[in-house]
Amino acid sequence: MGKLTASVLMLMLAPGLAWAQAATSTSKPGIYTCTTADGRRLTSDRPISDCSAVEQRVLNADGSLRSVLPAAMSPEQRAAHEARERKLAAERLAQLDAVRRDRNLMMRYPDEAAHQRARASSLDDANKARLISERRVKDLALERKPLMDEAEFYKGKPLPAKLKQQMDANDAAVDAQKQLIENQKAELVRIGSRYDLELQRLKRLWAGAAPGSLGNSGNSGNGPADAAASAPR
């Protein structure tokens, strides 16, 4: 169990633990005193069950205050308390993750030149993939020419099944490559946008902003690929 999770669990269980510890403590008996909801003032040498809904003062033998036993939570109060603690725990974890991501980003890109080199490399890879697809479209056009020449012999007649199948397959391959090219163009835009956002964030970090202090603005954080881009290498 992590330190953060353990500490959150202790906070969530604190009211119940206080009652359990008070009920089992025998080292230095205290004097428990409280006023019930109907105005009765009660005193005992152990936690007073009639006062479980209100706080109880624990006094030393000389009457000085030793501690305060908080009121036991109702099921509704406990549920609300635990929900608040879960929310706080999630916020703490998110903050720690933001600090880690910013530090990793600065480790990978110590200056703007390093970031520009990474941008150029990523765009170059994406452009190479696009060029391969465009060359494939040209190849498919060349492959289609003899099919079209053969189809000229069947004007006004049904095409042979094999020829029709070959032409349909060529059409499908061209459509697939064109869709791939559109996706690759979109990927180029996405890569450029991600590096723009990273650079905005890095400039503020290089200028002295504390890691984790910039919120989500300018943070790519849109998926595994972006998380990998912020990881140290």
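Residues numbered from 1 in each chain as written. Predicted model: local features only at pLDDT ≥ 70, side-chain atom pairs only at ≥ 80, totals over all residues. Heavy atoms only, no water.

Student: With reference to specific residues and values, describe the environment of Arg 40.
Tutor: The residue Arg 40 is located in the loop between β1 (31–35) and β2 (41–44) in this model. In this structure Arg 40 touches Cys 34, Thr 35 and Asp 50, once residues within four positions along its chain are discounted. Reaching out from Arg 40, the side chain makes a polar contact with the side chain of Asp 38 at a distance of 3.2 Å. (Helix = DSSP H or I, 4+ residues; strand = E, 2+ residues; numbered from the N terminus. Contact = heavy atoms within 4.5 Å. Polar contact = N/O pair within 3.5 Å; in protein donor to acceptor, adjacent residues only side chain to side chain.)

Student: Please set out the pattern of salt bridges residue by residue, giving values where relevant.
Tutor: Across all of its chains, the model carries 16 salt bridges by this definition. The salt bridge partner of Glu 143 is Arg 136, with a shortest N-O separation of 3.2 Å. The partly exposed category is assigned to Arg 136, whose relative accessible area is 32%. For the salt bridge of Glu 187 with Arg 190, the shortest nitrogen-to-oxygen distance reads 3.1 Å. Of this pair, Glu 187 and Arg 190 both sit in helix α4 (residues 161–206), three residues apart, roughly one helical turn. By relative accessible area, Glu 187 is classed as partly exposed at 30%. (Salt bridge = Lys/Arg side-chain N within 4 Å of Asp/Glu carboxyl O. Buried < 20%, exposed > 50% of the residue type's maximum accessible area, 1.4 Å probe, protein only.)

Student: Account for the nonpolar core, naming residues and giving values.
Tutor: Listed in full, the nine residues of the largest apolar core are Leu 105, Tyr 109, Ala 114, Ala 118, Ala 126, Leu 188, Ile 191, Tyr 195 and Leu 202. Secondary-structure elements contributing two or more residues to this core are α3 (112–151) and α4. Here this core gets four residues from one element, more than from any other, and that element is α4. Tyr 32, Cys 34, Ile 48 and Cys 51 belong to the second largest nonpolar core, which has six residues in total. (Core = buried A, V, L, I, M, F, W, Y, C linked by side-chain atoms within 4.5 Å.)

Student: Hey, could you go over the environment of Pro 47 for me, with residue numbers and the actual values?
Tutor: Take Pro 47: it is sitting in the loop between β2 and β3 (56–59). Residue class for Pro 47 comes out buried when judged on its relative accessible area of 18%. In the structure, Pro 47 is positioned 10 residues away from Arg 57 in sequence and 9.6 Å away in space, judged by C-alpha atoms.

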